[in-house]
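Structural features, examined
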Amino acid sequence: MTNQAPNEARVIPLRPRATAPAPRGPAPRPAPREPLWRDLVGDVLRRERLAQERTLKDVADAARISMPYLSEVERGRKEASSEVLAAAAHALGLGLGDLLTLAQRELVRVTSRPARRGRTTTTSSYDGLCLAA
């Protein structure tokens, strides 16, 4: 028998981890963090609302959603359903497709990296969302 109580956890010390040798030369830059879709969509909604010089209350009333919820969506704090996004887009005179296209363009703008010297970049004639099945 052991001197340990039946409900008492046994502590097992961990071995120290072996450290990898430090890399030589400059440290590689971490890859830029991709933005969240809700942040992009929220930015587009806010930009469109401000461009039309409309208040949050005005757009929320027209979309039939609460003003605090629309504010949370604009700030990227809430992941809105497609129905809410469509209502907010329509309140701003946009279709859901327009909203998603603007968000997609913002994603490309934010994540595009300058082309490296000596490499050519190809451009696609397709300007829209691409979905794979």
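The shown structure was predicted, so the numbers you read here are calculated from the model rather than taken from an experiment. (Residues numbered from 1 in each chain as written. Predicted model: local features only at pLDDT ≥ 70, side-chain atom pairs only at ≥ 80, totals over all residues. Heavy atoms only, no water.)

A short note on the overall build of the chain
- Looking only at helices and strands, the chain features 5 helices and 0 strands.
- Here the chain, with 133 residues, has 24% of them falling under the buried criterion.
- Within the structure as shown, the chain displays about 11,300 Å² of accessible surface, and the carbon and sulfur contribution to it stands at 53%. (Helix = DSSP H or I, 4+ residues; strand = E, 2+ residues; numbered from the N terminus. Buried < 20%, exposed > 50% of the residue type's maximum accessible area, 1.4 Å probe, protein only. Areas by Shrake-Rupley, 256 points an atom, 1.4 Å probe, with all protein chains shown as cover.)

So, helix α2 (residues 56–63)
- The set of residues buried in α2 consists of L56, V59, A60 and A63. Buried residues of α2, seen end-on, are gathered within an arc of 100° and therefore sit on one face of the element.
- Buried positions along α2 lie against α1 (37–51), α3 (67–74) and α4 (82–91). (Arc of directions from axis to C-beta. Contact = heavy atoms within 4.5 Å.)

Some words on the environment of D43
- Mapped onto the elements, D43 comes out in helix α1.
- Taking relative accessible area as the criterion, D43 reaches 37% and is therefore assigned partly exposed.
- Distance from D43 to L102, taken between C-alpha atoms, is 9.9 Å for residues 59 residues apart in sequence.

A short note on the nonpolar core
- Ranked by internal contacts, the top residues of the largest apolar core, which has 21 residues, are V41, L45, L70, L85 and L99.
- Those elements that provide at least two residues to this core are α1, α2, α3, α4 and α5 (96–111).
- Of all the elements, α4 adds the most residues to this core, at 5 residues.
- Not counting the four nearest positions on each side in its chain, L45 is found in contact with V73, E74, L85, A88, A89, L92 and L99. (Core = buried A, V, L, I, M, F, W, Y, C linked by side-chain atoms within 4.5 Å.)

Brief notes about the pattern of salt bridges
- In this structure the tally under the stated criterion is 8 salt bridges.
- Here R47 makes a salt bridge to E106, at a shortest N to O gap of 3.6 Å. You can see R47 sitting in helix α1 and its partner E106 sitting in helix α5, a full 59 residues away along the chain.
- Owing to a relative accessible area of 10%, E106 belongs among the buried residues under this scheme.
- Each of R46, R49 and E74 takes part in a single network of salt bridges with overlapping partners. (Salt bridge = Lys/Arg side-chain N within 4 Å of Asp/Glu carboxyl O.)

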